Amino acid sequence: MAVMADFRFFRFILAGDVNQLRLAAAFSAAARDSMANPVTLITTNGIEFRVEWIVEQERLNRIVLTRGWADFSRHYILQEAHLLLFSYHSPGTMYVAIHGGNRMEIDYGRYLQRGCRRGLPQIGNHVAHFHGIIGREDRRRPYNLVFPRRFATQFGAVLPDQLSMVTPTGWSRRVRWTRDTEGIIRLGMTGWPWMCLHYGLWPDTLVVFCYHPPATMYVVFYRPSAMEVNYLQHGDDITRSTCINNPRDTPARHMVDYFRSHQPFFVVPICFMRGSPNLLPNMPHLSGNDASAVIEVSHGSNTWRVAYARFAERGSGLLGRGWCTLATALDLRPGNLCVFEEVAPSRYQLHIY
């Protein structure tokens with residue numbers, strides 16, 4: 001199972017979320033076998049709630065927060081379009097920040113009377129915490145992202161022309177912003193498009209900002225799947241990529257984003273080749289192996305020796321002899337995702353989702 005420290009995702013509140021809350025499918029797949037029940041929700045004003053959960057079989061095996069969630073919802077007066085930002089710390093703690101319909105964090109220390117203290121900042125003494133969503137691309141405004149109007153009104157007059165955008169890995173980029181005649185602030189053409197391309201941000205990506213005057217913005221990126229971007233997947237001089245393949249399958253791409261490892265790994269969805277059900281296709285080229293080799297694949301206390309074949313002209317490979325035995329022993333089925341984590345040359349730890 002992947003390491004789950006500082007595992008972040010989001011959830012927008014819908015009309016039917018008063019008595020229970022379904023969490024992101026990708027998070028549920030990763031955490032449902034190890035998360036404590038009940039789980040502790042801790043908000044930025046320091047209040048703790050113990051909430052029980054179940055796994056809903058008919059909805060992609062999602063985790064559903066049940067007993068205790070209605071108390072949380074009523075206490076914070078959650079409304080449709082409110083945004084919840086979850087930071088999960090294994091095995092049983094979730095820190096929760098709440099943003100209102102204006103896309104700014106709500107300071108419940110001002111509104112609640114049940115012994116709350118002022119909201120605890122996430123990163124030092126920030127003065128504003130808000131979010132935006134990258135709009136659908138057009139030729140006039142590629143990677144369009146608009147700041148909340150309240151933020152523009154409060155800080156637009158004192159913002160410098162360039163802001164330093166800092167990711168959770170400590171990597172930063174200088175970005176310019178623009179303001180139109182109506183006072184709306186948008187991230188401009190200098191720096192921001194490059195940052196979007198670098199981290200593979202596409203339309204509907206959620207971006208959370210934490211503003212530190214005068215010119216620093218700490219940013220966190222979330223995929224439309226609700227999961228935080230895996231910054232290790234986008235290599236640079238500070239943080240090198242650890243995923244060695246680029247799967248096309250959407251669930252596999254989401255897995256690349258949330259699997260955390262400092263070892264090289266790759267993600268392969270389970271599918272059976274027509275006419276060759278004993279083979280696993282779509283394997284990447286494995287460094288250090290010849291066109292034909294034998295690799296060791298471990299899961300739990302068991303290890304299998306599996307034949308690997310590489311096709312230079314296709315840029316891919318497959319697993320052959322030994323794979324059928326492994327797949328049968330582990331009851332692998334189409335729809336499962338396999339993460340192969342390299343622990344030594346030609347030796348891989350298998351994680352199944």
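As the structure is a computational prediction, the values presented were derived from the model and not from experiment. (Residues numbered from 1 in each chain as written. Predicted model: local features only at pLDDT ≥ 70, side-chain atom pairs only at ≥ 80, totals over all residues. Heavy atoms only, no water.)

Caption draft 1: Inspection of the sheet that holds strand E3 (residues 39-43) at higher detail. What the five strands build is an open sheet, ordered E1-E7-E8-E3-E4; its pairing is mixed. Where the open sheet ends on each side, the last strands, each with one partner, are strand E1 (7-12) and strand E4 (48-51). When the angles between neighbouring strand axes are averaged without regard to direction, this sheet yields 25°. For E3 and strand E8 (residues 93-99), the ladder comprises four bridges, and the chain directions are parallel. (Pairing = 2+ DSSP bridges. Helix = DSSP H or I, 4+ residues; strand = E, 2+ residues; numbered from the N terminus. Axes fitted to C-alpha atoms, helices over the stretch in contact; angles between N-to-C directions.)

Caption draft 2: Region of the structure containing the packing of aromatic side chains. Summed over the entire model, instances satisfying the criterion amount to 22 aromatic pairs. Ring plane angle 10° and centroid distance 4.9 Å describe the contact between Phe266 and Phe340, whose orientation is recorded as stacked. Taken together, the positions of Phe266 in strand E15 (residues 265-269) and Phe340 in strand E20 (residues 337-344) put the pair 74 residues apart, joining distant regions of the chain. Judged by relative accessible area, which is 1%, Phe266 ranks as buried. An aromatic cluster of at least three residues, connected via ring pairs, comprises Phe130, Phe147, Phe151, Phe155, Phe209 and Tyr211. Arg173 extends its terminal NZ or CZ atom over the ring of Trp194, reaching a point 4.2 Å from the ring centre. Taking NZ or CZ as reference, Arg223 lies 4.4 Å from the ring centre of Trp202, over its face. (Phe/Tyr/Trp six-rings, centres within 6.5 Å; stacked < 30°, edge-to-face > 60°. Buried < 20%, exposed > 50% of the residue type's maximum accessible area, 1.4 Å probe, protein only. Lys NZ or Arg CZ within 6 Å of the ring centre and 35° of its normal.)

Caption draft 3: Molecular detail of the pattern of salt bridges. Evaluated as defined, the whole model comprises eight salt bridges. Here Glu296 ties to Arg305 by a salt bridge, and the two come within 3.7 Å at their closest N and O atoms. Where Arg347 meets Glu296, a salt bridge forms, and the shortest distance between an N and an O atom there is 3.9 Å. Of this pair, Arg347 sits in strand E21 (residues 347-352) while Glu296 sits in strand E17 (residues 292-299), and the two are 51 residues apart along the sequence. Judged by its relative accessible area of 27%, Glu296 falls in the partly exposed class. Overlapping salt bridges, with partners in common, bring together Glu296, Arg305 and Arg347 in one network. (Salt bridge = Lys/Arg side-chain N within 4 Å of Asp/Glu carboxyl O.)

Caption draft 4: Structural view of the pairing of E20. Most of E20 sits out of view: six of its eight residues are buried. Sheet topology places E15 next to E20; five bridges connect them, and they run antiparallel. What sits directly across from Phe266, in E20, is Phe340. Bridge count between E20 and E21: six bridges; the pairing is antiparallel. Of the residues in E21, the one forming a bridge with Glu341 is Gln349.

Caption draft 5: Structural context of the side chain of Ser73. Structurally, Ser73 is set in helix H2 (residues 69-75). In this structure Ser73 comes out as buried when scored by relative accessible area, which is 5%. Those residues in contact with Ser73 that sit more than four places away from it in its chain are Asp17, Val18 and Leu78. (Contact = heavy atoms within 4.5 Å.)

Caption draft 6: Region of interest: the side chain of Glu228. Inspection of the secondary structure assignment puts Glu228 in the loop between strand E14 (216-222) and helix H5 (250-258). The exposure class of Glu228 is buried, given its relative accessible area of 3%. Separated by 3.0 Å, the side chains of Glu228 and Arg8 make a polar contact. (Polar contact = N/O pair within 3.5 Å; in protein donor to acceptor, adjacent residues only side chain to side chain.)

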